[in-house]
Amino acid sequence: MKGIAVLALQGDFAAHGRRLAEMGLASFEARKPEELERAAGLVVPGGESTTLWKFFESAPWEDAIRRFAATGRPVLGTCAGAIVLAREVTNPAQKGLGLLDITVERNAYGRQVDSFVGEVDAPDFGGALPAVFIRAPRIRRVGPGVEVLATRESEPVLVAQANVIAATFHPELTSVTTVHALAFGPRRFAQRTA
């Protein structure tokens, strides 16, 4: 295993690499589907979900990501990454990988100018976490197998299902590594692969 693969097709992948390095975790920028085979974990970063799908359609990314998740190795999707991982996508309707049983509404907070920095409620992780929302999606439905880990105004913003975690915000743009530790830290990873 080479480290955690950060999908480097577009978006803020470099910021994820910095957060992982702060935690002492090795990572690499993945630009080809076959690179996922040797990864210990996967980050699907924010950016533009429709643009990500254009990249996915130009190479066998969809199969590579599905196969990766099926192995039980940890997957973290943030903002557009959460959209890509979802079972159902609205506003407008768009394909999702179906790795998380959630319905996500794209650009649900408004345009780029409506982006904001705030806090989310995460009682199991110290009470509150800083969060950056940039043209963020909203999780409108959570399936029975999905665990809600953090909320904002009672709406889920951080969820997990088995080895897959998604945040509708950008944890990599804060100085806090809680979300990355949740996805790739030894305790949580051991629980998921046991």
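Predicted model, so just to flag it, every value in this text is computed and none were measured.

### Some words on the pattern of salt bridges
Counted by the stated rule, this structure contains twelve salt bridges. The salt bridge involving glutamate 62 is made with lysine 95; its shortest N-O contact spans 2.9 Å. In this pair, glutamate 62 is assigned in helix α3 (residues 61-70) and lysine 95 in the loop between β5 (86-90) and β6 (100-105), connecting sequence segments 33 residues apart. Classification of lysine 95 by relative accessible area gives partly exposed; the value is 45%. Shared partners join several salt bridges into a network, and the residues in it are Glu105, Arg138, Arg140 and Glu155.

### Some details on the confidence of the model for the protein chain
On average, the protein chain scores 90 in pLDDT, and the residues at 70 or more come to 93%. Within the model, pLDDT remains below 50 along residues 189-194, and this stretch shows eleven contacts once partners closer than five positions in the same chain are excluded.

### Let's talk about the pairing of strand β7 (residues 116-122)
The two faces of a sheet get side chains in turn, since along a regular strand they alternate between them. Summarising the sheet, β7 and strand β8 (residues 127-133) pair through seven bridges and their orientation is antiparallel. Its bridge partner lying in β8, glycine 118 is registered against alanine 131. Adjacent in sequence and paired antiparallel, β7 and β8 are bridged by four residues, among which glycine 126 carries a positive phi angle near 100°.

### Overview of empty space enclosed by the protein
Scanning all chains against the criterion turns up one cavity of 30 Å³ or more. Considering only enclosed or pocket space, the largest cavity measures out at about 30 Å³ in volume. Along its surface, the largest cavity is lined by Leu129, Pro130, Phe169, Pro171, Thr174, Val176, Thr178 and Val179. Only β8 and α5 (178-184) provide two or more residues apiece to the lining of the largest cavity. Of the residues that constitute the lining of the largest cavity, the class distribution is six nonpolar, two polar and no charged.

Cut-offs applied
Residues numbered from 1 in each chain as written. Predicted model: local features only at pLDDT ≥ 70, side-chain atom pairs only at ≥ 80, totals over all residues. Heavy atoms only, no water. Salt bridge = Lys/Arg side-chain N within 4 Å of Asp/Glu carboxyl O. Helix = DSSP H or I, 4+ residues; strand = E, 2+ residues; numbered from the N terminus. Buried < 20%, exposed > 50% of the residue type's maximum accessible area, 1.4 Å probe, protein only. pLDDT = per-residue confidence, 0-100. Contact = heavy atoms within 4.5 Å. Pairing = 2+ DSSP bridges. 1 Å grid on protein atoms, 1.4 Å probe; cavity = no way out; pocket = protein on both sides within 12 Å on 5 of 7 lines; lining within 4 Å. Points joined across faces, edges and corners; volume = space filled by probe spheres on them. Nonpolar A, V, L, I, M, F, W, Y, C, P; charged D, E, K, R; others polar.

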